[in-house]
Structure formats: C-alpha cells, structure tokens
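# An overview of the molecular structure
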Amino acid sequence: RAPPPASHDCALLRRRPLRPLMKFGRVLQLRAIPEWRESYIGYKRFKRLLKRLPTAQSSGSFSPTASLSLREPSELEAPLLSGPYAEVEALFFAALDDDLRRVNEVSVAETESIETSVVLATGGEALLSQEEVAALYCRLAKLRSFMSLNATAVKKILKKFDKNMAGTGREPQLPSVMKRLEAEPFSVCRRRADGMAVELERAMPPDKVPRLRQLAQDALKRAGGGRESRPNALPLALSLAAGLVVALAPLEAFEQADRPEAQRCLGVLVATVGLWLSEAVPFFATALLVPVLAVASGAVPPKLVHKTGELEQAPDIAKRVLNSMFNAVILLVLSSLVAARVVARCQLELRLAAALQERLRQ
C-alpha cells in the first residue's frame, strides 16, 4: 500500500529541531537556500525598523508620555511622539511589498520550471528516471522550504508590528495582511507545490517513497547556508589530540635545545589551528581557549619572582597570561559597549526625549 501523500507539513520539511530558545532571525539564516538568499523577507531589517518606534518594547506596549508623565493616562489621548508611527508604518509596508514582490518572482519562476519537469515525470510514458525524479523532488523540497519560511517570516513580523503599534489607535494589521497573503502568487505556488509533491511520490514505487523523503531532508540540510554553533565532538577531539601529540612527542630538535616550553607552545598552535579550520567550536570560543591551553600545557615558562627569589607557580602564570588579555583599557571599552547596548535596548534616549518634549510643551 502506498504511503500517505505529502502534505504541507510532510516529513520532507521536518528537519533536525533547532534549539528552542533560538530566535526566528537565526532560524531563517540557518535554513535559507543560498541561491535565493537575497530574495527572502528581510526579517532583521523589519525588526530594526520597528525599533525606531517609541513603543518598541519586549514586554507589551507603552506610551513614553504615559510612563514618564505625572498626569493620569486618561489625560493623554494619543502618544506624544506621534510622528514616528506614521513614518515607520509607511516604510514598513513599502518594504513588505517590495520583499513580497521578490518572493513572488522566485516562487512563480521556479514553480513553472518544476511543473514542466513534473509533467514529464508523472506522464503516461514516464520520461524521467527514478534518479531524475529524486533530484526533482529535492529541488521541489527547497522551493517549498523557501515559500514556507517566507510565509512564517511575514506572520511573525506582523505580530511584532501589531504589538509595537498597540495603544496608538490603529487596527491590528495581521488579519487583513494574512488574508491578502493567501491571494499572493507565492501562496498559490505553495499549494501547487504541495500537489506536485504528491504526484511525484505517487510516481515512485511505494517502497522508494521513504528514501525519497530522506533525500529531500538531506538536501535541505546541505543547502542551509548557516551552521548551528554547537560543538562538533569529533573535530574537537581530533584537534586537541593532535596538539597533545605534538606537545608530548619526543622531537629531537626541541630535546637538543632543551626547550620543552617551545614544543608545548607548538602543540597549542596545532590544536588552535585545528579548531579554527574545523570550526568544531565557535571562533570566539577558540580564541578564549588559547590562554587556557597555554597555561594548562605549560607552554608559558615561569618567571623568577623578585620578592621571594622563587619561580612562579601555575596560579601566578595563569594570572599573568590573563592579565595580558583583560587589562583595564580593554574592560573599559567592553563595558562602554555593554552600557550603550543597554541604553538602546531599554530605549532610555526615547524616554528622555519624551520627557523633555512634554516639559517643553507645558
């Protein structure tokens, strides 16, 4: 008996689940098809646009004047900073129309191209081989992923738009835009693509369909332009093992020079280069791991302590190495960047501007 036909949420779109706390912008980056990357909805651009609003807060909406004014909220009929709302709304929907136009162009062109090949594969004469049908199915899976991700991006960004516009007297835009979205060419192409997936599965022998879906999943994983920043155990172990071998192997050149620290330093270098090339861990983690490996392997020679006349111990060496990386100037710069990020995140400048504007109006 043939397996159930593919639906919108069929197995070919079920990929390895990402971390539950991962933001959609990162999901979109990881799952974007490289050849169509420029045609996706500019999700992060829309988020940056919404941050220009005085009410763009992560938890509910607020009015800058209502949160800072000494008057009762009922006395404030409209937000004081009314200009940005109309401006951002116009820019938002103009950008959305432009992005949807690009999504429609790609969707229509690819759907028509694939549809021609599907006719050859599912016709009475079956002009395509099973390998060609599998390749066509994988291509269709990429297109369905492209359209599905863009539909999700539109829905999510409209929810953020309505949330940021709450309290301004404007009607929620999500219901009307989603209704309009159903008539967009790429939504029509999604339904056509679902039907083509069913036809291709029926054209294959029933025992080949699970393998066909697995090939589609693998194609989507390979097509993803990004990578999840999770440690890869095998390259991590191989890199550290290679560094350990170089650090401990009896190399004649280092033995004759009586410089064991130099050999250990070479081992740290080999391990670091291996981690960078394999991307077993994120680059910033590799950079932070260098002083740890240098101290743990004994690659840093101890210095003579003038007060005691003894050589440095391991804790003193670690303190000296870390002090060279985290001095007062570096910490000052980092703390300034963190403070600037906090101000932008909490929109303190907008709150201050609202308070000053209200005082000046009075």
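One can find the structure itself at the top, above this paragraph.
The rules behind the values
- Numbers given to residues run from 1 along each chain, matching the order in which its sequence is written.
- Totals for whole chains, interfaces and linings use all residues, but because this is a predicted model, local features are given only for residues with pLDDT of at least 70 and pairs of side-chain atoms are given and counted only at 80 or more.
- Calculation of side-chain values draws on the structure's entire complement of heavy atoms; hydrogens and water are dropped beforehand.
- The way it works is that DSSP assigns letters per residue, a run of H or I at least four long becomes a helix, a run of E at least two long becomes a strand, and they are numbered from the N terminus.
- Note on classification: 1.4 Å probe, protein chains only; a residue is buried when its accessible area is under 20% of the maximum for its type, exposed when over 50%, partly exposed between these limits.
- Contacts were defined at the residue level, with two residues in contact if any of their heavy atoms lie within 4.5 Å.
- Where accessible areas are quoted, they stem from the Shrake-Rupley method and a 1.4 Å probe; at the residue level, only the protein chains shown are allowed to cover.
- By definition, no residue in a patch forms a salt bridge, and every one has over 30% relative accessible area; like charges are joined within 9 Å, nonpolar side chains (Val, Leu, Ile, Met, Phe, Trp, Tyr) within 5 Å.
- A carboxyl oxygen of Asp or Glu within 4 Å of a side-chain nitrogen of Lys or Arg is what we treat as a salt bridge.
- In these notes, a set of buried Ala, Val, Leu, Ile, Met, Phe, Trp, Tyr and Cys residues joined through side-chain atoms within 4.5 Å is what counts as a nonpolar core.
- N or O atoms closer than or at 3.5 Å make up a polar contact, with two conditions inside protein: a donor-capable atom paired with an acceptor-capable one, and, for residues adjacent in sequence, both atoms drawn from side chains.

## Focus on the overall build of the protein chain
Within the protein chain, the secondary structure is distributed over 15 helices and 0 strands. Looking at the protein chain as a whole, 36% of its 362 residues qualify as buried. At a minimum sequence separation of 6, the contacts of the protein chain that also span at least 24 residues come to 76%. If you sum the accessible surface of the protein chain, you get close to 21,200 Å²; carbon and sulfur atoms cover 60% of it.

## Observations regarding a nonpolar patch on the surface
Taken together, Phe284, Leu288, Leu322, Phe326, Val329, Ile330, Leu331, Val333, Leu334 and Leu337 make up a surface patch of nonpolar side chains, about 930 Å² in accessible area. Secondary-structure elements contributing two or more residues to the nonpolar patch are helix H12 (283-297) and helix H14 (328-346). Examining the composition of the nonpolar patch, we find that 6 residues originate from one element, H14, more than from any other. Its location among the elements puts Leu337 in helix H14.

## Topic: unusual backbone geometry
For residues other than glycine, phi is negative in most cases, and the peptide bonds are mostly trans. You will see that Glu279, though not glycine, has its phi angle at about 55 degrees, which is positive. Among the residues examined, Glu279 registers a relative accessible area of 36% and is labelled partly exposed.

## Focus on the nonpolar core
Formed by 59 residues in total, the largest nonpolar core has its most connected members in Tyr40, Phe92, Leu96, Phe146, Leu158 and Leu200. Mapped onto this core, the elements with two or more residues apiece are helix H1 (24-31), helix H2 (43-50), helix H4 (83-122), helix H5 (130-165), helix H6 (174-181), helix H7 (185-203) and helix H8 (209-223). When residues of this core are assigned to their parent elements, the largest contribution, 17 residues, is made by H5. Apart from residues no more than four positions distant in its own chain, Phe146 is found in contact with Trp36, Ser39, Tyr40, Val103, Val106 and Ser107.

## Quick look at the pattern of salt bridges
Counted according to the given criterion, the structure contains 12 salt bridges. The residue Arg180 makes a salt bridge to Asp97 at a minimum N-O spacing of 2.8 Å. Here Arg180 is found in helix H6, whereas its partner Asp97 is found in helix H4, with 83 residues between them in sequence. On the basis of relative accessibility, which here comes to 36%, the residue Arg180 falls in the partly exposed class. A salt bridge links Arg101 to Glu105; the shortest N-O distance between them is 3.1 Å. Of this pair, Arg101 and Glu105 both sit in helix H4, separated by 4 residues, roughly a single helical turn. Judged by relative accessible area, which is 40%, Arg101 ranks as partly exposed. Taken together, the salt bridges that share partners define one network made up of Arg45, Asp98, Asp99, Arg101, Arg102 and Glu105.

## Focus on H1
Taken together, the buried positions of H1 are Phe24, Gly25, Val27, Leu28 and Leu30. On the buried face of H1, the contacting elements are H2 and H5.

## What to know about the environment of Ser278
Here Ser278 lies in helix H11 (residues 260-278). The exposure class assigned to Ser278 is partly exposed, which follows from its relative accessible area of 23%. Each C-alpha atom, one on Ser278 and one on Leu234, is 9.7 Å from the other, the two residues being 44 residues apart in sequence. Among the polar contacts made by the side chain of Ser278, one reaches the main-chain carbonyl oxygen of Gly274 at a distance of 2.7 Å.

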